[in-house]
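# Summary of the model geometry
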Amino acid sequence: MTEGHATAGTLELRAPAKVNLTLRILGRLPSGFHELETLFQAIDLCDDLRVWRTGDSEVSLHVVGADVGPTEDNLVYRAVQAFRRRSGVREGVGLELTKRIPAGGGLGGGSSDAGATLRALDALFPGRVSRDGLHDLAAGLGSDVPFFIGPEGLKVGRGRGELLRAIAPLPTAHLVLGLPPVHVATGPAFGALARTRAERRGPLPRPLFEERPLPTTWAEVAAVAVNDFEEPVSAAHPEVALALAALRATDPLFALLSGSGGTVFGVYPDAGAAEVARGEAARRCPSARFECVATLSTLPGLNARGPRP
Ligand code: C5P
């Protein structure tokens, strides 16, 4: 893909990562997926996506910054194909994706790219797919994708993650992400959790927010911040346990695994405290990379470069 294609009418989007401020796995759904309850929070670590109409029927995707495998398997490409099937749009699009969110880390990078793609296609071909239709397409692409349709940056997720309810944004918080050198596949992480639970035969967790109000402060989030994957994923990947211990030694409001990991994060009241914690965690755990990010109250909007098509 040459730069020359991306001129007038190009949409530019930032596709943000997420962390899970809580993640409870409640049981198995008839579909075989797991029912969960989570709080999705968008953060300002973003991939960049540019999308333009080609005027012919070609769909092309160029990925910069990471080797993400064959184009046909990329969630962005699959999002375009799903949108075209649903909408009947025959015209092609060109896409350029610049990856910054690490893959396989529990940060929802691929899901966010797919959500951003659907938002862009909805803007380029307005009204061709309804809002509910976009949500269905998103859910068909992956459990986390509907969250990235936005626009709110904080939502409760139920079902397999696709049943969403926006809640009032929390004040901006400063996070330190800990990125250990591991790649955790989500499917096997669910399997490991199921095996641990089968051995223990304890009761399944109940959804937190049916019994208590939704959090309105970070102290209230800290009181409910649990991730059911933390134990099995830390046991399978000692690097994750080390990065988490390093963050917990820096006096965060709380620290947690995100999604099925391997990314961990600590939450701090201000940017200065987060920067100090980042340095300290990096000294304690040299095998992981630590990065400061902030929470987002809404997903970044679309920018049109040149006249809209
Ligand atoms: O939906 P997504 O592609 O993110 O899911 C990846 C895998 O994780 C699924 O194939 C399934 O094995 C597991 N999963 C699950 N329950 C969920 C979400 C994912 O069992 N709620």
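Worth saying up front: this structure is predicted, and the values here are computed from it rather than measured.

To continue, consider the packing of helix α2 (residues 109–124) against helix α3 (residues 131–141). The geometry of α2 relative to α3 is characterised by a closest axis approach of 10 Å and an angle of 155 degrees between their N-to-C directions. In terms of orientation, α2 lies roughly antiparallel with respect to α3. The element α2 and its partner α3 pack so that their crossing is right-handed. Across the interface between the two elements, A114, L118 and D122 from α2 touch L134, L137, A138 and L141 from α3. For the contact of α2 with α3, a count of residues per class yields six nonpolar, no polar and one charged.

Strand pairing within a sheet occurs via backbone hydrogen bonds; the two strands may be parallel or antiparallel. In space, the four strands of this open sheet follow the order β8-β9-β7-β10, with antiparallel pairing throughout. Edge positions in the open sheet fall to β8 (254–257) and β10 (289–294), since each of these has one partner strand only. The average angle at which neighbouring strand axes cross in this sheet is 20 degrees, direction not considered. Sheet topology note: the β8/strand β9 (residues 264–268) ladder contains four bridges and is antiparallel. If you follow F254 over to β9, its bridge partner there is V267. In this fold helix α8 (residues 271–284) packs onto β7 (174–179), β9 and β10, with an angle of close to 170 degrees to the strand it touches most, β10.

Turning our eyes to something else, we now look at the nonpolar core. In this structure, V51, F83, V93, L95 and L118 are the most contacted members of the largest nonpolar core, which totals 32 residues. Elements supplying a minimum of two residues to this core: β1 (10–28), β2 (34–53), α1 (75–87), β4 (93–98), α2 and α3. Of the residues forming this core, the biggest block, seven residues, is contributed by α1. Core analysis: the next-biggest nonpolar cluster, separate from the first, contains 27 residues, V19, L208, F209 and F254 among them.

Let's shift gears to the site of the ligand. Every residue lining the ligand is accounted for by F33, H34, L36, G142, S143, R160, T186, G187 and F190. At 3.1 Å, a backbone N or O of R160 approaches a nitrogen atom of the ligand. Burial of the ligand by the surrounding chains reaches 67%, relative to a free accessible area of 450 Å². Within the residue set of the shell around the ligand, elements represented by two or more residues are β2 and α4 (186–200). Counting residues per element, the shell around the ligand draws most heavily on α4, at three residues.

Once that is clear, we can look at the environment of L177. Assignment of secondary structure puts L177 in strand β7. A residue is classified by how much of its surface remains accessible, and L177, at 0% relative accessible area, is buried. As for L177 and A222, which are separated by 45 residues in sequence, their C-alpha atoms are 16 Å apart. The residues contacting L177, other than those within four sequence positions of it, are V19, I43, L45, L107, T263, V264, F265, R289, F290, E291 and V293.

Rules behind the numbers
- Residues numbered from 1 in each chain as written.
- Predicted model: local features only at pLDDT ≥ 70, side-chain atom pairs only at ≥ 80, totals over all residues.
- Heavy atoms only, no water.
- Axes fitted to C-alpha atoms, helices over the stretch in contact; angles between N-to-C directions.
- Helix = DSSP H or I, 4+ residues; strand = E, 2+ residues; numbered from the N terminus.
- Parallel < 35°, antiparallel > 145°, perpendicular 65-115°, else oblique.
- Left-handed = near helix turned anticlockwise from the far one by under 90°.
- Contact = heavy atoms within 4.5 Å.
- Nonpolar A, V, L, I, M, F, W, Y, C, P; charged D, E, K, R; others polar.
- Pairing = 2+ DSSP bridges.
- Core = buried A, V, L, I, M, F, W, Y, C linked by side-chain atoms within 4.5 Å.
- Buried < 20%, exposed > 50% of the residue type's maximum accessible area, 1.4 Å probe, protein only.
- Near = heavy atom within 4 Å.
- Polar contact = N/O pair within 3.5 Å; in protein donor to acceptor, adjacent residues only side chain to side chain.
- Areas by Shrake-Rupley, 256 points an atom, 1.4 Å probe, with all protein chains shown as cover.

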